[in-house]
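# A look at the structure
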Amino acid sequence: MLAELAPIVAATTLWLTRAFPAPGGALAAALCEAQARQAVTVAARLRYPATTGAGPGGGSGPGGSAGLDRLSGTGADPDDPAWRCWVDEVVASWAAGLLTEPELAARAVARLTRGALARGTPVRFRRLLAPDDHDRRAAVLLRHPDLIGPVAALHRERLLERLGVGRGSTA
């Protein structure tokens, strides 16, 4: 992953896993985080293919974590505001869509892993594309379309455009 995207990926992953936490212990939390990080990584690489302008004030999505907090019903953490400025609303929305729509995730990873974007991109995103039973249980909230759906819907059309998918279709 390109270094310029690391803060966006870390913060957006943290926001997703705090807003839609894993039920259970440390293993469930780690599996949930791995899935969120893979989805956020794909979304960030699609949103910032050249990484120009990535970062707060230079292209971060409108609303940032505050808008996502309002939409998801989660509260801001007043004791830890620094990381929240790196949350990218568009990346979070795209990652949410990838987590809830397997066909869309497959298309996004396929696009990411070919051509010029493929340099430095891990070829496998197994936990995103083919979650096993442990992964599904760990990310039951993160992958629940009714819970994360409002976040996914925020910038869905832009994601579909980026992937060259027609309206209402993910095939």
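Residues numbered from 1 in each chain as written. Predicted model: local features only at pLDDT ≥ 70, side-chain atom pairs only at ≥ 80, totals over all residues. Heavy atoms only, no water.

### What about the nonpolar core?
Our working rule: Side-chain atoms within 4.5 Å are what join buried Ala, Val, Leu, Ile, Met, Phe, Trp, Tyr and Cys residues into a set we call a nonpolar core. In this scheme, a residue with accessible area under 20% of its type's maximum is buried, one over 50% is exposed, and one in between is partly exposed, where area comes from a 1.4 Å probe on protein chains only. Strands here mean DSSP runs of E at least two residues long; helices mean DSSP runs of H or I at least four residues long; both are numbered from the N terminus. By the convention used here, residues are in contact when the closest approach between their heavy atoms is within 4.5 Å.
Core analysis: the largest hydrophobic core is formed by 44 residues, its most contacted members being W15, L16, F20, V42, L98, L128 and L142. Elements with a minimum of two residues in this core: helix 1 (6-19), helix 2 (26-47), helix 4 (89-100), helix 5 (102-112), helix 8 (145-154) and helix 9 (156-163). What L98 contacts, discounting residues up to four positions off in sequence, is A39, V42, A43, L104, A105, A108, L128 and L159.

### Observations regarding the pattern of salt bridges
Rules: Any Lys or Arg side-chain nitrogen found within 4 Å of a carboxyl oxygen on Asp or Glu counts as a salt bridge.
Counting across every chain of the model gives 6 salt bridges. Its salt-bridge partner being R47, residue D88 comes within 3.2 Å of it at the nearest N-O pair. Here the residue D88 occupies a position in the loop between helix 3 (64-72) and helix 4, and R47 occupies one in helix 2, the gap between them amounting to 41 residues. We note that D88, like R47, is buried. Between R136 and D133 there is a salt bridge, with its nearest N and O atoms 3.1 Å apart. Here R136 and its partner D133 are both found in helix 7 (residues 133-138), 3 residues apart, which amounts to about one turn of the helix.

### Considerations on the packing of helix 4 against helix 9
Rules: Only the stretch in contact is used when fitting a helix axis, every axis being a line fitted to C-alpha atoms; angles between N-to-C directions are given from 0 to 180 degrees. Every angle not falling under 35 degrees, over 145, or within 65 to 115 is termed oblique; those three ranges are roughly parallel, roughly antiparallel and roughly perpendicular.
Between helix 4 and helix 9, whose axes approach to 9 Å, the crossing angle comes to 75°. Considering the angle they form, helix 4 stands roughly perpendicular to helix 9. Contacts between helix 4 and helix 9 involve V90, S93, W94 and L98 on the former and, on the latter, R156, R158, L159 and R162.

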